[in-house]
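Geometric and topological summary
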Amino acid sequence: MATSLFFAVRSQAALADGDEIATQYGFQEMPIAMPPGYDTQPMNSVRVVNPSYAKIRSWVSSVGASVAINDLTGHGLADGMCIVDTRTDQVVVTYTPTARQADRFTPFVLDGAPLPMDRTMAPTGCTPGDFNGDGRTDLLVTYWGRTPVLFMAKAGATELSPSSYVPREVVPSQSLDGKYHGPRWNTDAAYVGDLDGSGHPSIVIGNYFPDSDVLDPGGLNNVQMNNSLSSAKNAGGDHVLRWAKSTTGTEPDAMFVEERDAIPFDASTGWTLAIAGADLTGEGLPSLYIANDFGHAHLLYNRSTPGHIKFSEATGQRDATTPKSFVLGKGSFKGMGVDFADVDHNGSFDMMVSNITEAWGLEESNFLWINRAKDDADMKRQLQDDVAPFTQEARENGVAWTGWGWDAKMADFNNSGNLSILQADGFVKGDIDRWPWLQEMAMTNDDLLSNPMMWPNVQPGDDLAGDDELAFYARTKGGTFANISKQLGLAVPTPTRAIAMGDTTGSGLLDLAIARQWGPPAFYANKAPNPGHYLDLNLYRPTGESDAGKGLTNIGAPAYGATVKVTTPKGTQISQLDGGSGHGGFRSFNVHFGLADQAGPASVMLCWRDATGGMHEKTLEMKPGTHSLVLTSDVQEVPSR
């Protein structure tokens, strides 16, 4: 009884703190412009799948929604969006509802033709990036049923339209009959970053199902499910694609070489749902966290050299009081999303990981991995010894249990200097509760699981965590987090998958876009009532092109891998230019810091690689506001547009 009263009082206190802290935030939902006639076409609520998956077709249809916010026009504001809508299995390019008139265009659907596309394929993600270094924003689209496609922005394009892009295969595949004959990848995660320190972005693809005919109703009986609920390793796994060369102009292209031994084999065959990266050691090379469903996640230390990508795995250490699943790399939970950020405001990267934490269902725990290295040198020494110096502190911070989690993102939405933690949430929406069946399956012998026929029915009408709501955790005065999504009007009981964010207006406030599974996407404009001061950095590398600033060209290419430390009297924060990470949601390239009441200059330490891979570091005094910086061997500030 005493224990029950303790938890009841603690919950009430957290709720009260949440009500108070919620007054510091505010969001307004705004309608998203879609292509002409888009909403009049048929809208699906489940996919056509391989006959072997018929009884679990709602489970198989439970992913794919994606959203990204970025500067697609090159006009200096992150007010463009790329959306994967599972209702139509289409990739929509549009503008944010807050976009200025000069950045608006007629929304359209990306078409992969003349590349071979067919009904057995469905898009699952859209990652903006500059893959040939010409300063224009390209779009990397991943799929179930085929390898990714790069939609390369053409030189000379004066506005966004379908003709502004040319589709290119990321993995070379020959077709003499117009049909697709390449690998049947089933991709659920993509990461983009300068992995080898060459000054060019490479790509990591995380696949879920093994290469097979998942979405082919006439396909071979070559499909399977995971061979364990806690340590499955029979999936499509992870592929590292190193940038090799590229071309610009009206027929742009970017070519990649697969580094098949980049990731240790035992760490590369999981059911991957999310990937994120950050420079943990100050070496200018991002280490990766791979979140896998049904088993172990992997923290991969980057040991690459220019032209050669290589990772080694680091795992946590266990003591007498640490549960096995709270040891990084040894957990048995269902990793669904991951993000790097400085949660405890001490100048080092921590990680938030989404798992399945459904009360009275599969009540595991989210992971909040807190960086316990003394400094960069200590982190490097331990990672080189295959040790991951992180401790799992989700419960202590109030973020352990949310629901059926997916994408996770961390950012400062009121410029208080404190990060909020957002989680997409929910699985399959229906009317019939199927948790008893799923719990029965959880007790099944692992040797039976890989056969889809041994799974319980999950079909249209069945429900598993279908009413879970987007979570918005804000830091309270007590130091822990409280979920204030209801107070903010964000708690819509529709399964969500992906979260994107960016300063779409140049106001210094981050707006939100949400991708929903079998529901319309949503956009929320930030209306924080009394935000603090901020520092927004646009970090570019020069392109060497004379038409910079014209058409769709930006003032430079994004400085992949650049990290920034900002120090004020209240402490140090670290952030990075995120080239694309998580599960389905991709933030803009802006590096954003909330400065609270710091109205004067802050100390800003930049660490970056130039276009040839050279490593540089410089500390500047910078006033609050938005700054655009061109990074070569030095730092040059240019006018922000």
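Residues numbered from 1 in each chain as written. Predicted model: local features only at pLDDT ≥ 70, side-chain atom pairs only at ≥ 80, totals over all residues. Heavy atoms only, no water.

1. Observations regarding the environment of V635
With respect to the secondary-structure elements, V635 resides in strand 40 (residues 635-638). Separated by 29 residues in the primary sequence, V635 and L606 place their C-alpha atoms 9.0 Å from one another. Discounting residues that sit within four places of it in the chain, V635 has contacts with W608, K618, L620, L629 and V630. (Helix = DSSP H or I, 4+ residues; strand = E, 2+ residues; numbered from the N terminus. Contact = heavy atoms within 4.5 Å.)

2. Side note on the sheet that holds strand 7 (residues 138-144)
An order of 6-7-8-9 is seen for the 4 strands of this open sheet, with the pairing classed as antiparallel. Edge positions in the open sheet fall to strand 6 (122-129) and strand 9 (165-169), since each of these has one partner strand only. Sheet twist, expressed as the mean angle between neighbouring strand axes with direction ignored, is 25°. Pairing of strand 6 with strand 7, which is carried by 7 bridges, proceeds in the antiparallel orientation. Within strand 7, the residue paired with T127 across the bridge is L140. (Pairing = 2+ DSSP bridges. Axes fitted to C-alpha atoms, helices over the stretch in contact; angles between N-to-C directions.)

3. Concerning the sheet that holds strand 1 (residues 27-30)
Spatially, the 4 strands line up as an open sheet ordered 1-30-29-28, and their pairing is antiparallel. For this open sheet the edge positions go to strand 1 and strand 28 (496-502), each flanked by a neighbour on one side alone. Ignoring which end each strand starts from, the neighbouring axes of this sheet average 25° apart. Direction of pairing for strand 1 relative to strand 30 (residues 522-526): antiparallel, over a ladder of 4 bridges. Within strand 30, the position partnered with Q28 by the bridge is A525.

4. A closer look at the pattern of salt bridges
Evaluation of the coordinates by the stated rule reveals 25 salt bridges. With its nearest N and O atoms 4.0 Å apart, the salt bridge here joins R184 to D118. Of this pair, R184 sits in the loop between strand 9 and strand 10 (187-193) while D118 is found in the loop between strand 5 (108-109) and strand 6, placing the two residues 66 residues apart along the sequence. Salt bridges sharing common partners tie together D339, D578 and R587. (Salt bridge = Lys/Arg side-chain N within 4 Å of Asp/Glu carboxyl O.)

5. Remarks on the side chain of H627
By the element assignment, H627 lies in strand 39 (residues 625-631). Judged by relative accessible area, H627 falls into the buried class, the value being 10%. (Buried < 20%, exposed > 50% of the residue type's maximum accessible area, 1.4 Å probe, protein only.)

6. Considering the side chain of S325
Following the sequence through the fold, S325 ends up in the loop between strand 17 (311-314) and strand 18 (337-341). On the basis of relative accessible area, S325 is assigned to the buried category, the value being 12%. A polar atom in the side chain of S325 sits 2.9 Å from the side chain of S332. Apart from the residues within four sequence positions on either side, S325 is in contact with G331, S332, F333 and F367. (Polar contact = N/O pair within 3.5 Å; in protein donor to acceptor, adjacent residues only side chain to side chain.)

7. Concerning the pairing of strand 28
For strand 28, the tally of buried residues reaches 7 of 7 residues, placing the bulk of the element in the interior. Direction of pairing for strand 28 relative to strand 29 (residues 511-516): antiparallel, over a ladder of 6 bridges. Considered in strand 29, the bridge of T496 is made with R516.

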